[in-house]
Amino acid sequence: MSKLIIVSDVDGVLTDGSFYYDATGKCMKKFGRDDADALKIMKKYIPDAEVHFCSSDFHGFSISEKRITDMGYKIDPVSVKDRPDWIDENFRGEGKTDNFVVYIGDSFVDIPVYRKADFSCCVNNGHYLAQAEASYVSEMNGGDGGFADCVLEVVSKFTNKSKEELMYEYIS
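Here the structure is a predicted model, which means the values were calculated and not measured.

Q: What am I meant to see in the overall build of the chain here?
A: Along its length, the chain carries seven helices and eight strands. For 172 residues, the compact-globule estimate of 2.2 N^0.38 gives 16 Å, and the C-alpha radius of gyration of the chain, at 15 Å, lies within 12% of that figure. Seen along its three principal axes, the alpha-carbon backbone of the chain occupies a region of about 50 × 40 × 30 Å. Relative to its full complement of 172 residues, the chain shows a buried share of 51%. Of the contacts formed within the chain by residues at least 6 apart in sequence, a portion of 52% connects residues at least 24 apart. Accessible area of the chain: about 8500 Å², with a carbon and sulfur share of 50%. Taking the average place of the 20 positive charges on the side chains of the chain and the average place of its 30 negative ones, the gap between the two points comes to 2 Å.

Q: I'm lost on the nonpolar core in this one. Help?
A: Across soluble globular proteins, you tend to see nonpolar side chains buried next to one another. Met42 and Phe53 are the most contacted members of the largest nonpolar core, which totals 35 residues. In this structure, Phe53 is in contact with Ser8, Val10, Leu14, Leu39, Ile68, Met71, Tyr73, Lys74, Ile75, Asp76 and Phe147, ignoring residues within four places of it in sequence. Ranked by size, the runner-up nonpolar core spans 16 residues in total, among them Cys54, Val78, Phe91 and Val113.

Q: Would you take a moment to explain the pattern of salt bridges for this structure?
A: Working definition: two side chains of opposite charge can pair if their charged atoms are close together. Considering all chains together, one arrives at 16 salt bridges under this definition. Asp9 is paired through a salt bridge with Arg83; the nearest N and O atoms lie 3.3 Å apart. Residue Asp9 is found in strand β1 (residues 3-9), and its partner Arg83 is found in helix α3 (residues 83-91); the two are separated by 74 residues along the sequence. We note that Asp9, like Arg83, is buried. Among the ionic pairs, Lys116 bridges to Asp88, the shortest N-O distance being 2.8 Å. One end of the pair, Lys116, is in the loop between α4 (111-114) and β7 (119-122); the other, Asp88, is in helix α3, and 28 residues separate them in sequence.

Q: I would appreciate a short explanation of a nonpolar patch on the surface in the present structure.
A: Side chains of Phe108, Val109, Tyr128 and Leu129 sit close together on the surface and give an oily, nonpolar patch of about 410 Å² of accessible area. Take Phe108: its relative accessible area is 45%, and that puts it in the partly exposed class.

Q: Got a minute to help me understand unusual backbone geometry in this structure?
A: Excluding glycine, residues mostly carry a negative phi; peptide bonds, for their part, are mostly trans. The phi dihedral of Asn160 falls on the positive side, at around 60 degrees, and the residue is not glycine. Considering the arrangement of structural elements, one finds Asn160 in the loop between α6 (146-159) and α7 (163-171).

Q: Which parts of the structure should I look at to understand the layout of surface pockets?
A: Think of a ball as big as a water molecule: rolled over the atoms, this probe shows where empty space is left. There is about 290 Å³ of room inside the largest pocket. The wall of the largest pocket is formed by 15 residues, among which Asp34, Ala148, Asp149, Leu152 and Met167 lie closest to the centre. Listing elements by their share of the lining of the largest pocket, those giving two or more residues are α1 (35-45), α6 and α7. Per-element accounting of the lining of the largest pocket gives the leading share, six residues, to α7. Tallied by class, the residues present in the lining of the largest pocket amount to nine nonpolar, one polar and five charged.

Q: So what exactly am I meant to see when it comes to the packing of aromatic side chains here?
A: Aromatic ring pairs: the centre-centre distance and the angle between the two ring planes describe each pair. For the structure on display, the rule yields five aromatic pairs. Taken together, Phe53, Tyr73 and Phe147 form an aromatic cluster joined through their ring pairs. The residue whose ring lies beneath Lys26 is Phe19, and the NZ or CZ to ring-centre distance is 3.7 Å.

Q: What should I look at first to understand the packing of α1 against α7 in this one?
A: Between two packed helices, what matters for the description is the angle formed by their axes and the separation of those axes. One can describe the packing of α1 onto α7 by two numbers: an axis separation of 10 Å at closest approach and a directional angle of 95 degrees. As far as their axial angle goes, α7 and α1 are roughly perpendicular. Where α1 approaches α7, its residues Asp37, Lys40, Ile41, Lys44 and Tyr45 are matched on the opposing element by Leu166, Met167, Glu169 and Tyr170. Here the contact of α1 with α7 is composed, by residue class, of five nonpolar, no polar and four charged.

Parameters at a glance
- Residues numbered from 1 in each chain as written.
- Predicted model: local features only at pLDDT ≥ 70, side-chain atom pairs only at ≥ 80, totals over all residues.
- Heavy atoms only, no water.
- Helix = DSSP H or I, 4+ residues; strand = E, 2+ residues; numbered from the N terminus.
- Rg over C-alpha atoms; globule rule 2.2 N^0.38 Å.
- Buried < 20%, exposed > 50% of the residue type's maximum accessible area, 1.4 Å probe, protein only.
- Contact = heavy atoms within 4.5 Å.
- Areas by Shrake-Rupley, 256 points an atom, 1.4 Å probe, with all protein chains shown as cover.
- Lys, Arg positive; Asp, Glu negative; His and termini not counted.
- Charge placed at Lys NZ, Arg CZ, Asp CG, Glu CD.
- Core = buried A, V, L, I, M, F, W, Y, C linked by side-chain atoms within 4.5 Å.
- Salt bridge = Lys/Arg side-chain N within 4 Å of Asp/Glu carboxyl O.
- Patch = residues over 30% accessible without salt bridge, like charges linked within 9 Å, V, L, I, M, F, W, Y side chains within 5 Å.
- 1 Å grid on protein atoms, 1.4 Å probe; cavity = no way out; pocket = protein on both sides within 12 Å on 5 of 7 lines; lining within 4 Å.
- Points joined across faces, edges and corners; volume = space filled by probe spheres on them.
- Nonpolar A, V, L, I, M, F, W, Y, C, P; charged D, E, K, R; others polar.
- Phe/Tyr/Trp six-rings, centres within 6.5 Å; stacked < 30°, edge-to-face > 60°.
- Lys NZ or Arg CZ within 6 Å of the ring centre and 35° of its normal.
- Axes fitted to C-alpha atoms, helices over the stretch in contact; angles between N-to-C directions.
- Parallel < 35°, antiparallel > 145°, perpendicular 65-115°, else oblique.

Structural measurements only, silent on function.
Structure, rendered in structure tokens:
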């Protein structure tokens, strides 16, 4: 069986895409509430799955890094332009042929990254060109369950359980 690798953009996927500023600069982002639970469900059913977060928001990176590390994961500062090569270097090639790479994004600039993935997801409020290119488009928005829904869609495909079944088993 393939090893599941999920690579996700942060801004617009785990957040609603808004940047809040005060007089000192970028100071806040709004993240979704269900993302950590979806990752716990994924780990329950696919314990060897890997999740990698990327951000090209270098000025607000510390904000994203705090949320991602609070969920128990790591984030890499990788520009969208560099992500196709970054995926090749880290998850493709010799000894990595069994990797099943999923990319979760929201923008038209994510399209080349979608094309490197085996399966791609876009949040509901993502750019229409990104939605047209994605393998799956969530009914939920970024920062409001979109990332969680995309993760559950992937887990559903790997386990042959419905998303609802996965959620009900998690809470019972």
